[in-house]
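# Fold and contact review
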Amino acid sequence: MNKILNVPEDFVSETLEGILLASNQKLLSMDKDNRVIVSNYPCKPNKVGIVTAGGSGHLPTFLGYVGKGMLDGCTVGNVFASPSASKMADTIRACDKGSGVLCLYGNYGGDHMNFTMAREEVEFDGINTAAVRVTDDVASSKNKNLRRGVAGMVFAFKVAGAAADRMYSLEDVERVANKANDNIRSMGVALTPCIIPEVGKPGFSIPDGKIEIGMGIHGEPGIMLSDRMPADELVDMLMKKLLDDMPLAERDRVSVMINGLGATSLEELYIVYRAVQKKLSNIGVSIVMPHVGEYSTSMEMAGMSISIFKLDEELEGLLADEAITPFYTNVNK
């Protein structure tokens, strides 16, 4: 296992300690083991709070988007494991400013079960909550409601956070998050497996010269094993599946995210973006605010995902609003 660490059992705790120290007090821990992380950026009184939760191993997801104009708090689990319901409830309490809290998270069984219990718990404190599960991974199911949430959830974080910062009501922040989710599609490809530090060996294997189309961010099986192919051919394959699921027309406007899974160079990601941009341009679709980089990783997995976010006037305006977190900055306005 070629990793820079001390002992595997301390991997998450020492990662969290390092992030908090490096944040220059922009992130705060609300518990002794640093599993409840909240924003210390200035906050408007009585705005809707937005929280998420999920396992470690996916940086910058999930805590990387806690800050101004995005998330107010995040509950952190062990690598690829959901945090507890009690910690989620603590995060909700810490982020309630009196106007309610939206729980915005990926569609995974453990996260959903624990957030449901956490929401029931904080009801006794008089805290009003809503929940939106992000379901952007086209490869995981033909049924949109059953899909996993992957890198496209960053778009949902962004527009929901902007809506809250504009002082939308909880009902309207929930509406915006649902509208975003309805218009986001993602699909990825894995080239190599990753290693969970406490396990010490890959949890799956990909044969030499092969790639896994549609593999999930925890190593969930994809839709097919394929021979490696040139970047343009790979983009054609992924884009066909994305556009078959969410057709686009001339004069549509979208944002595109080319997301590295942890061990893929920026150069490779820009080669992918080049091909995506050409394909969309050929059908008359304009790209707004492209995102190219590591937004939702899977430890040191080699590979990438493409996310397409179809915009309307409201969503585009919210996407363009200012957001500043330790891992994400948008100051277009």
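Up top is the structure.
Summarised in this report is the structure supplied together with it.

About the thresholds
- All residue numbers refer to position in the chain's written sequence, counted from 1.
- Totals for whole chains, interfaces and linings use all residues, but because this is a predicted model, local features are given only for residues with pLDDT of at least 70 and pairs of side-chain atoms are given and counted only at 80 or more.
- Side-chain descriptors were evaluated using all non-hydrogen atoms of the structure, hydrogens and water having been removed beforehand.
- Counting from the N terminus, the helices are the DSSP runs of H or I reaching at least four residues and the strands are the DSSP runs of E reaching at least two.
- Relative accessibility under 20% of the residue-type maximum defines a buried residue, over 50% an exposed one, and the middle range a partly exposed one, all with a 1.4 Å probe and only protein chains included.
- Two residues qualify as a contact provided that any one of their heavy atoms is within 4.5 Å of a heavy atom in the partner residue.
- Charged residues are defined here as Lys and Arg on the positive side and Asp and Glu on the negative side; His and the ends of the chain fall outside this count.
- Charge coordinates come from a single atom per side chain, which is NZ of Lys, CZ of Arg, CG of Asp or CD of Glu.
- The criterion is simple. A nonpolar core is a set of buried Ala, Val, Leu, Ile, Met, Phe, Trp, Tyr and Cys residues joined through side-chain atoms within 4.5 Å.
- By this definition, two strands are paired if DSSP reports at least two bridges between them.
- Only the contacting stretch of a helix is used when fitting its axis, a line to C-alpha atoms as for every element, and angles between N-to-C directions run 0 to 180 degrees.

## Let's talk about the overall build of the protein
Across its full length, the protein carries eight helices and 15 strands. A principal-axis box enclosing the C-alpha atoms of the protein has dimensions of 55 × 50 × 35 Å. Scored against the burial criterion, the 333 residues of the protein give a buried share of 55%. Put simply, of all contacts in the protein between residues at least 6 apart along the chain, 72% involve residues at least 24 apart. Between the mean site of the 33 positive side-chain charges and the mean site of the 43 negative ones, the protein shows a separation of 4 Å.

## Structural notes on the nonpolar core
Leu102, Leu104 and Val173 are the most contacted members of the largest nonpolar core, which has 62 residues in total. Elements represented by at least two residues in this core include exactly helix H1 (11-22), strand E4 (73-79), strand E5 (101-106), strand E6 (129-134), helix H4 (153-165), helix H5 (170-182), strand E7 (184-190) and helix H8 (313-320). Per element, the largest residue contribution to this core is ten residues, and it comes from H4. When sequence neighbours within four positions are dropped, the list of residues in contact with Leu102 reads Val48, Gly49, Ile50, Val51, Ala130, Ala131, Val132, Ala160, Leu170, Val173, Glu174 and Ala177. Core analysis: the second largest hydrophobic core is formed by 28 residues, Val256, Leu280, Val285 and Met304 among them.

## Here we look at the sheet that holds strand E1 (residues 27-29)
Pairing within the open sheet is mixed, and its six strands lie in the order E1-E2-E4-E3-E5-E6. The open sheet has two edge strands with one neighbour each: E1 and E6. For this sheet, the mean inter-axis angle between neighbouring strands, taken without regard to orientation, is 25°. As judged from the three bridges shared by strand E3 (residues 49-56) and E5, these two strands associate in the parallel manner.

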